[in-house]
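These are the residues of each chain, in order.
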Amino acid sequence: MDANQSQLSERHFRSIAHLIETRIGIQMPAAKRTMVEGRLRKRVRALGLADLNAYATHVFDEDGLDGEFIHLVDCVTTNKTDFFREPAHFRFLREVAVPGLVRARRGCGEPARLKIWSSACSTGAEAYTIAMVLADMQRDPALGRFIFSILGTDISTDVLAQAKRAVYPRDMVSPVPREMAGRYLLWPREEGRNEVRIAPEIRQRATFMRLNLMDASYEVDRDVDIVFCRNVLIYFDKTTQRAVIDKLRSHLRPGGYLLLGHSESMAGGPNMAMRQVLPTVYQA
Ligand SMILES: C[S@@+](CC[C@H](N)C(=O)[O-])C[C@H]1O[C@@H](n2cnc3c(N)ncnc32)[C@H](O)[C@@H]1O
C-alpha cells in the first residue's frame with residue numbers, strides 16, 4: 001500500500017499508544033488514531049519506510065527506542081501556544097503575584113530575585129510573554145528592585161529549538177501590547193518579511209531545556225516562585241495529573257504560585273498543601 005494511505009494495524013496502534021502513555025503521559029484513545037496516523041506519515045516518508053506498520057516496527061527496534069522516540073514525541077504532542085494566552089494570568093502576575101513576592105523580600109538589601117518556570121513551554125511564547133511582562137514591571141520605580149530568570153521546559157526537542165531561536169510569524173505576536181511590541185520585539189527591516197524576533201534583552205532572561213513531566217523527579221531548583229503548567233495536564237489521566245502537580249509544588253517556595261490552564265483546575269483539590277487564589281491559580 002502507498003505510504004501516504006497506509007494505516008496502523010490494531011496491534012501496532014496499541015503498542016505505540018502504550019509507549020506514549022507510559023513514557024510521556026499523553027492519553028492515546030482510539031479516537032486519536034487517525035490524527036496520529038496522519039502525523040506519523042511524514043516520518044514514514046522521511047525515513048523512506050514502506051508504510052506505517054514498518055514505522056511501528058522501527059520504533060521498537062533497538063535504535064528506535066532511543067533515537068526515533070524523540071521524533072515520535074514531536075509528532076504526537078500538540079504544541080499550540082500563543083503570546084498572552086489566557087491574559088488573566090498575566091494580569092495576576094502584574095497586579096498580585098510579582099508585587100507581593102517583591103514586597104515579601106524587601107529589606108534584605110539585595111534586589112529580590114524571582115524564578116519562574118514555564119513547565120510545558122512549547123515554542124516559548126509563554127516564557128517570553130512572562131519575560132516581557134516582568135521586564136516592563138522592572139521599569140516601575142514604585143515597585144522595588146527585582147531581577148528574574150525564566151526556565152522553559154518541554155518534552156519536545158523540536159519546540160525547544162524554536163523557543164531558543166525566538167523567531168515567530170508576525171500574526172503570532174499580534175496579542176503583544178503595542179508598547180511592549182515596540183520595546184521587546186525586533187521587526188524585520190525588509191518589506192514582505194514575515195518574521196519577528198524576540199529582542200536580546202528578553203531572550204537573555206530565558207533558558208530552555210528538555211524535561212519530561214512524567215519523570216520521577218525534576219532537575220530544577222526547589223525555590224521557584226511561580227510555575228506555569230498550562231494546557232498540558234489535559235492530555236494526562238487523573239493519577240498522572242495529581243502526581244505532576246505534587247512534584248511541581250515541591251519545587252515552589254512557600255508562598256509561590258502554580259498556574260494551570262483554564263480547563264485544568266484541580267477540581268476537588270487533590271493537593272491540600274495549596275490554597276486556591278483564582279480558579280486556576282494556587283499558592284503553596
Ligand atoms: C498545548 S502546549 C501548551 C503550551 C503552553 N503551556 C501554553 O499554554 O500555551 C502543550 C505542551 O506540552 C508538552 N508536553 C506534552 N507532554 C509532556 C511531558 N510529558 N512533559 C513535558 N512536556 C510535555 C508538549 O510538547 C507541548 O509543547
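Just so you know, these numbers come straight off a predicted model, no measurement behind them.

**Student:** Just checking my understanding: could you explain the site of the ligand for this structure?
**Tutor:** Thr81, Arg85, Ala120, Asp154 and Asn231 are the nearest of the 21 residues found near the ligand. In this structure, a nitrogen atom belonging to the ligand sits 3.0 Å away from a side-chain N or O atom of Glu126. Between a nitrogen atom of the ligand and a side-chain N or O atom of Asn212, the distance comes to 2.9 Å. Compared with its free state, where it exposes 600 Å², the ligand has 99% of that area covered by protein. Among the residues forming the shell around the ligand, the class breakdown is eight nonpolar, eight polar and five charged.

**Student:** I keep staring at the pattern of salt bridges and nothing clicks. Help me out?
**Tutor:** For side chains bearing opposite charge, pairing can occur when the charged atoms are close. Here the structure, examined in full by the defined rule, presents 15 salt bridges. Notably, a salt bridge pairs Lys80 with Asp82, separated by 2.9 Å at the nearest N-O pair. Measuring nitrogen to oxygen at the nearest pair gives 2.9 Å for the salt bridge that ties Arg183 to Glu179. With a gap of four residues between them, Arg183 and Glu179 both fall in helix α8 (residues 178-184), about one helical turn apart. Judged by its relative accessible area of 27%, Arg183 falls in the partly exposed class.

**Student:** It is not clear to me how the side chain of Glu37 should be interpreted in this structure. Could you clarify?
**Tutor:** Structurally, Glu37 is set in helix α2 (residues 33-47). Owing to a relative accessible area of 5%, Glu37 belongs among the buried residues under this scheme. Within polar-contact distance, the side chain of Glu37 engages the backbone nitrogen of Leu8 at 2.8 Å. Apart from residues lying up to four places away in sequence, Glu37 is in contact with Gln7, Leu8 and Leu52.

**Student:** Whenever I open this one, the sheet that holds strand β7 (residues 224-229) confuses me. Can you help?
**Tutor:** Two modes of strand pairing occur in sheets, parallel and antiparallel, and in both the strands are linked by backbone hydrogen bonds. The seven strands lie next to each other as β6-β2-β1-β7-β8-β10-β9, forming an open sheet whose pairing is mixed. Strand pairing shows two members of the sheet lacking a second neighbour, β6 (206-210) and β9 (275-278), which therefore form its edges. Between one strand axis and the next, the sheet turns by 20 degrees as a mean value, whatever way the strands run. Inspection of the sheet shows strand β8 (residues 252-260) paired to strand β10 (residues 281-283) by three bridges, in the antiparallel sense. If you follow Tyr257 over to β10, its bridge partner there is Gln283. Of the strands in this sheet, β1 (112-118), β2 (146-154), β6 and β7 are in contact with helix α6 (residues 125-138), which crosses β2 at around 175 degrees.

**Student:** It is not clear to me how the domain arrangement of the protein should be interpreted in this structure. Could you clarify?
**Tutor:** Quite often, the size of an interface is put as the accessible area lost when its parts meet. Structurally, the protein comprises domain 1 (10-76) and domain 2 (88-283). One C-alpha centre belongs to domain 1, the other to domain 2; they are set 30 Å apart. Contact with domain 1, which involves 11 residues of that partner, is made by 10 residues of domain 2. Interface of domain 1 and domain 2: buried area, both sides summed, is about 840 Å²; carbon and sulfur atoms make up 56% of it. Taken together, the connections running from domain 1 to domain 2 amount to zero salt bridges. The interface formed by domain 1 and domain 2 holds five residue pairs in polar contact (both at pLDDT 80 or more) in total.

Rules and cut-offs
- For every chain, the first residue of its written sequence is number 1, and the numbers climb from 1 along that sequence.
- Restriction of local features to residues with pLDDT of at least 70 applies here, the model being predicted, together with a cutoff of 80 or more for giving and counting side-chain atom pairs; totals for whole chains, interfaces and linings are based on all residues.
- In computing side-chain properties, one takes all heavy atoms of the structure into account and sets aside hydrogens as well as water.
- Residue proximity to a molecule or strand is established when one non-hydrogen atom of the residue lies within 4 Å of it.
- Nitrogen and oxygen atoms within 3.5 Å of one another constitute a polar contact, given that in protein one can donate a hydrogen and the other can accept it, and given that sequence-neighbouring residues count only through two side-chain atoms.
- What sets the accessible areas is the Shrake-Rupley method with a 1.4 Å probe; for residues, cover comes only from the shown protein chains.
- For this scheme, ten residues count as nonpolar: Ala, Val, Leu, Ile, Met, Phe, Trp, Tyr, Cys and Pro. Four count as charged, namely Asp, Glu, Lys and Arg, and the remainder, Gly too, count as polar.
- What makes a salt bridge here is a side-chain nitrogen of Lys or Arg within 4 Å of a carboxyl oxygen of Asp or Glu, nothing more.
- For the purposes of this entry, the term helix denotes a DSSP run of H or I that reaches at least four residues, the term strand denotes a run of E that reaches at least two, and both are numbered from the N terminus.
- Note on classification: 1.4 Å probe, protein chains only; a residue is buried when its accessible area is under 20% of the maximum for its type, exposed when over 50%, partly exposed between these limits.
- Should any heavy atoms of two residues lie within 4.5 Å, those residues are counted as being in contact.
- For two strands to be treated as a pair, DSSP must find no fewer than two bridges joining them.
- For every element, the axis is a line fit to its C-alpha atoms; helices are fit only across the contacting stretch, and the angle between N-to-C directions ranges from 0 to 180 degrees.
- Per the annotation, domain bounds derive from an automatic or database assignment of domains.
- Two parts placed together each lose some accessible area under a 1.4 Å probe, and adding up what both lose gives the buried area.

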